[in-house]
Amino acid sequence: MRHRLLLPCLLSLLWSPALLAAPVAKPVEWKIGGDTFSGYLVYDDSVSTPRPGLVMVPNWKGANESAIEKAHLVAGDDYVVLVADVYGKGIRPKTDAEAGPVATAMRVDRPKLRARVQKAVEVLKQQPATLVDRARIGAFGYCFGGSTVLELVRAGDTLAGVVSLHGGLATDLPATVPVKTPVLVLNGGDDTYVSGAEITAFQDEMRKAGADWQFVNFSGAAHCFAESDAQNPPGCVYHERSARRAYRMMADFFEEIFAK
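Residue numbers here run from 1 along each chain, matching the order of that chain's written sequence. Predicted model: local features are reported for residues with pLDDT of at least 70 only, side-chain atom pairs are reported and counted for 80 or more only, and whole-chain, interface and lining totals are derived from all residues. Excluded from the side-chain calculation are hydrogens and water; included are all heavy atoms of the structure.

Asker: Explanation requested: the overall build of the chain in the structure shown.
Answerer: The number of helices and strands found in the chain is 7 helices and 10 strands. We compute the radius of gyration from the C-alpha atoms alone; for a globule the expected value is 2.2 Å times N to the 0.38, where N is the number of residues. By the compact-globule yardstick of 18 Å for 260 residues, the chain fits well, its C-alpha radius of gyration being 17 Å. With respect to the principal axes defined by its C-alpha atoms, the chain has extents near 45 × 40 × 40 Å. The buried label goes to any residue with under 20% of its type's maximum accessible area, the exposed label to any with over 50%, and the partly exposed label to all in between, with areas taken from a 1.4 Å probe on protein chains only. Each of the 260 residues in the chain was classed as buried or not, and the buried ones make up 53%. Within the chain, counting contacts between residues at least 6 apart in sequence, those at least 24 apart form 66% of the total. Of the roughly 11000 Å² that the chain leaves accessible, carbon and sulfur atoms contribute 55%. Side-chain charges of the chain comprise 28 positive and 29 negative groups, with the mean position of each set lying 3 Å from the other. In this text, helices come from DSSP runs of H or I with a minimum length of four residues, and strands from runs of E with a minimum of two, each type numbered from the N-terminal end. Here, two residues are considered to be in contact whenever any of their heavy atoms come within 4.5 Å of each other. Every accessible area reported is derived by Shrake-Rupley at a probe size of 1.4 Å, with residue values counting cover from the shown protein chains alone. Here Asp and Glu are counted as negative and Lys and Arg as positive; His is not counted, and neither are the chain ends. One atom stands in for each charge, and that atom is NZ of Lys, CZ of Arg, CG of Asp or CD of Glu.

Written as structure tokens, this is what we have:
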């Protein structure tokens, strides 16, 4: 698959649109009650066969241009990626100071957060069967988005698999039902936003729920390590070595589960 050929470019982040034959970022909107949400459907339009779908929840700045670029790189010609909006149409924080309160409001209302990401999964499944293989749907997310996709797991949703890249692990709604979705957590070993106690609690939670889970700590990596535009040291900074390994592990994870 050409996605494998693109992976070195992803890992080095020396990519350009020319590397993708026909990259598409199609705006898509949906509603929950009276609220409108606006995301993007990202895929390679040169592929004529249905592909597995991935819901991508961005970091706390939401569905912006940076998120779309990351989605293009992960999608390659293998996947259709829905860049999910869990904030609402027009809510696009531009700075960390703006993003903090918006993300916090979602974290303290886990039922609402779950409902919004679950709706994004539904939206992806509603795409044309000629584009998306609706029987093969997964999810991944960065930072706040990593925390969000883990809520799908805890809620008992059945997806092919979920990957959290430097996401938070704490929750006030731990899994109370068997976890049926395989989980891969890629964590920075030096992430000051994730404590040892939270790691232990998460792993215990997954064990009790009977989950198929993997947890990887990357030495020297802080929060945001997989995002090349993260330049806010020491707490949130890109770590090339760990990013390269993390993307390889995520690619292998999805390749394995979608081959079943």
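And the narrative resumes.
Asker: Hey, could you run me through the packing of aromatic side chains in this one?
Answerer: Any two aromatic rings considered together are summarised by their centre-to-centre distance and by the angle between their planes. Note on aromatic pairs: the rings of Phe, Tyr and Trp (six-membered ring only in Trp) are paired at centre separations within 6.5 Å, and the planes decide the class, stacked below 30 degrees, edge-to-face beyond 60, tilted for the rest. Within this structure, the stated rule accounts for 9 aromatic pairs. With centroids separated by 6.0 Å and ring planes inclined at 75°, the aromatic side chains of Phe 140 and Tyr 142 adopt a geometry described as edge-to-face. Phe 140 sits in the buried class, given a relative accessible area of 0%. Given a relative accessible area of 0%, Tyr 142 falls into the buried group. In textbook terms, an aromatic cluster arises when at least three aromatic residues are bridged by ring pairs, as seen for Tyr 79, Phe 253, Phe 254 and Phe 258.

Asker: Looking at this structure, I do not really get the confidence of the model for the chain. What am I missing?
Answerer: As a general rule, the predicted coordinates of low-pLDDT regions are not to be interpreted in detail. Of all residues in the chain, 92% have pLDDT values of 70 or greater, and the mean over the chain is 93. As a per-residue measure, pLDDT tells how confident the predictor is, with possible values from 0 to 100. Between residues 4–9, whose pLDDT stays under 50, and residues either more than four places distant or in other chains, the model counts 13 contacts. In the predicted structure, residues 11–20 sits below a pLDDT of 50 and forms 24 contacts with residues beyond four places in sequence or in another chain.

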